[in-house]
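So you can see what is in the structure, the chains are spelled out below.
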Amino acid sequence: MAHRLLVRRMWMLSVKDIRCLPTSTAASSSFSTSLQSATTRVSFLSPSRTLPRTLPLTSRREVSFNVQDNEDFTERVINSELPVLVDFHAQWCGPCKILGPRLEKAIAKQKGRVAMAKVDIDDHTDLAIEYGVSAVPTVIAMRGGDVIDHFVGIKDDDELDSFVSKVIGQ
């Protein structure tokens, strides 16, 4: 879990931030035992070298994300400008493993008009209690911090599409 968070933070580091790093940081890096020389690493940080075009130069907001803690939930769900579907699930739940990919597919069809937060009830019991989750999978639709709709259990693709459309107001 901590590894994923670290990788996400490193990925979201913009090119501008990388170029602003002091060259002494690269030279005194803990990776000095690597096969790369310090001069290669310093030249990577210099503005003369460009990064491949496949890397995004601006950070983009992901449509689907795992909630890390209560502060993350508040920031990314309650304070979100987009409607958010909160998927309360558990690792041991078979129906949750079926619903998750179906829900992500339905949300992907909306092309950024709705987001999806995934909350593991074993890791975030307090959030599950706060929102009255008594069975999994439970999906709660929120807009502006308010619960606008919910369902419990599995739904087929057509029902999920209509639920998502109803949440975004189509």
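It should be noted that the structure appears before, not after, this text.
What counts as what
Numbers given for residues are sequential positions, taken from 1 along each chain in its written order. It should be noted that, the model being predicted, local features are given only for residues of pLDDT at least 70 and side-chain atom pairs only at 80 or more, the latter also being counted only at that level, while totals for whole chains, interfaces and linings use all residues. Excluded from the side-chain calculations are hydrogens and water; all other atoms, namely the structure's heavy atoms, are used. Each helix is a run of DSSP H or I of at least 4 residues and each strand a run of E of at least 2, with the numbering of both proceeding from the N terminus. Buried means the residue's accessible area, taken with a 1.4 Å probe over protein chains only, is under 20% of the maximum for its type, while exposed means over 50%, and partly exposed covers the values in between. Whether two residues are in contact is decided by their heavy atoms: any pair within 4.5 Å suffices. What sets the accessible areas is the Shrake-Rupley method with a 1.4 Å probe; for residues, cover comes only from the shown protein chains. Patch members must show over 30% relative accessible area and no salt bridge, and they are joined within 9 Å when carrying like charges or within 5 Å when they are nonpolar side chains of Val, Leu, Ile, Met, Phe, Trp or Tyr. Just to be clear on terms, a salt bridge is a Lys or Arg side-chain nitrogen sitting within 4 Å of an Asp or Glu carboxyl oxygen. Positive charges come from Lys and Arg alone, negative charges from Asp and Glu alone, with His and the N- and C-terminal ends not counted. A charge is said to be at NZ when it belongs to Lys, at CZ for Arg, at CG for Asp and at CD for Glu. By convention a nonpolar core is built from buried Ala, Val, Leu, Ile, Met, Phe, Trp, Tyr and Cys residues, the set being connected through side-chain atoms within 4.5 Å. The convention used is that axes are lines fitted to C-alpha atoms, helices contributing only their stretch in contact, and that angles between N-to-C directions extend from 0 to 180 degrees. Note on terminology: angles under 35 degrees are roughly parallel, angles over 145 are roughly antiparallel, angles of 65 to 115 are roughly perpendicular, and the others are oblique. The hand of a helix crossing depends on one turn: near helix anticlockwise from the far one by less than a right angle means left-handed, and clockwise means right-handed. Any two strands are treated as partners once DSSP identifies two or more bridges connecting them. Whenever two N or O atoms come within 3.5 Å, that pair is a polar contact, provided that in protein one can donate a hydrogen and the other can accept it, and provided that, for residues adjacent in sequence, both atoms are side-chain atoms. To estimate the expected span of a helix, subtract one from its residue number and multiply by 1.5 Å. In this scheme Phe, Tyr and Trp rings, the latter by its six-membered ring, pair at centre separations within 6.5 Å, and the angle between planes marks the pair as stacked below 30 degrees, edge-to-face above 60, and tilted otherwise.

Engineer: Mind showing me how you'd approach the overall build of the protein chain here?
Structural biologist: In terms of helices and strands, the protein chain carries eight helices and five strands. Scanning the protein chain from its N terminus toward the C terminus, one meets helices and strands in the order α-α-α-α-β-α-β-α-β-α-β-β-α. Out of the 170 residues in the protein chain, the part that is buried amounts to 34%. Within the protein chain, contacts between residues at least 6 apart in sequence are counted, and of these 70% link residues at least 24 apart. Accessible area for the protein chain stands at about 10900 Å²; split by element, carbon and sulfur atoms hold 55% of it.

Engineer: What am I meant to see in a negative patch on the surface here?
Structural biologist: A cluster of acidic side chains, namely Asp 156, Asp 157, Asp 158 and Glu 159, defines a negative patch on the protein surface. Along the chain, Asp 156 falls in the loop between strand 5 (146-152) and helix 8 (157-168).

Engineer: Explanation requested: the nonpolar core in the structure shown.
Structural biologist: Residues Phe 73, Val 77, Val 86 and Phe 88 are the most contacted members of the largest nonpolar core, which totals 21 residues. At the level of secondary structure, the elements contributing two or more residues to this core comprise helix 5 (70-78), strand 2 (84-89), strand 3 (115-120), helix 7 (125-130) and strand 4 (138-143). When neighbours within four sequence positions are excluded, Val 77 is seen to be in contact with Phe 65, Asp 72, Val 84, Val 86, Ala 117 and Met 142. Among the nonpolar cores identified, the runner-up in size contains 15 residues, and Ala 106, Ile 107, Met 116 and Ala 141 belong to it.

Engineer: Sorry if this is basic, but what is going on with the packing of helix 6 (residues 94-108) against helix 8 here?
Structural biologist: To characterise two packed helices, one gives the angle between the axes of the helices and the distance between these axes. Two elements in contact, helix 6 and helix 8, have axes separated by 9 Å at closest approach and are oriented at 50°. It follows from the interaxial angle that helix 6 and helix 8 lie oblique. Seen along the crossing, helix 6 lies across helix 8 with a hand that is right-handed. Between helix 6 and helix 8, the contacting residues are Leu 99, Arg 102, Leu 103, Lys 105, Ala 106 and Ile 107 on the first element and Asp 157, Leu 160, Asp 161 and Val 164 on the second.

Engineer: What am I meant to see in the pairing of strand 4 here?
Structural biologist: A regular strand carries its side chains on alternate faces of the sheet. Burial analysis of strand 4 places five of its six residues in the buried class, the great majority of the element. In this sheet, strand 5 lies alongside strand 4 in antiparallel orientation, the contact comprising six bridges. Across the sheet, residue Val 139 finds its bridge partner in strand 5, namely Phe 151. Here strand 4 hands over to strand 5 after two residues, with Gly 144 in that stretch at a positive phi of 65°.

Engineer: Explanation requested: the side chain of Thr 138 in the structure shown.
Structural biologist: Looking at the secondary structure, you find Thr 138 in strand 4. Within the structure, the side chain of Thr 138 is placed 2.4 Å from the backbone oxygen of Ala 135, a separation counted as a polar contact.

Engineer: I keep staring at helix 6 and nothing clicks. Help me out?
Structural biologist: Along an α-helix, residues three or four positions apart point the same way, because every turn accommodates 3.6 residues. Its 15 residues give helix 6 an end-to-end C-alpha distance of 22 Å, which sits within 8% of 21 Å, the value for a rise of 1.5 Å per residue. Looking only at helix 6, the buried set comprises Cys 96, Leu 99, Gly 100, Leu 103, Ala 106 and Ile 107.

Engineer: Hey, could you run me through the environment of Val 136 in this one?
Structural biologist: Along the polypeptide, Val 136 turns up in the loop between helix 7 and strand 4. Residues Val 136 and His 89, 47 residues apart in the sequence, show an inter-C-alpha distance of 5.5 Å. Once residues lying within four places of it in the same chain are set aside, the contact partners of Val 136 are Phe 88, His 89, Ala 90, Trp 92, Cys 93, Cys 96 and Ile 121.

Engineer: Would you mind going over the packing of aromatic side chains with me for this structure?
Structural biologist: Here a ring pair, both rings aromatic, is described through the centre-centre distance and the interplanar angle of the planes. Tallied over the entire structure, the rule returns three aromatic pairs. Taking 5.6 Å as the distance between ring centres and 55° as the angle between the ring planes, the aromatic pair formed by Phe 73 and Tyr 131 counts as tilted. Of this pair, Phe 73 sits in helix 5 while Tyr 131 sits in the loop between helix 7 and strand 4, and the two are 58 residues apart along the sequence. For the pair formed by Phe 73 and Tyr 131, the shared burial category is buried. Judged by centre distance (6.4 Å) and plane angle (40°), the rings of Phe 88 and Tyr 131 are tilted. With a gap of 43 residues between them, Phe 88 in strand 2 and Tyr 131 in the loop between helix 7 and strand 4 connect regions that are remote in the sequence. In textbook terms, an aromatic cluster arises when at least three aromatic residues are bridged by ring pairs, as seen for Phe 73, Phe 88 and Tyr 131.

Such coordinate-based values are descriptive only and should not be taken to indicate function.
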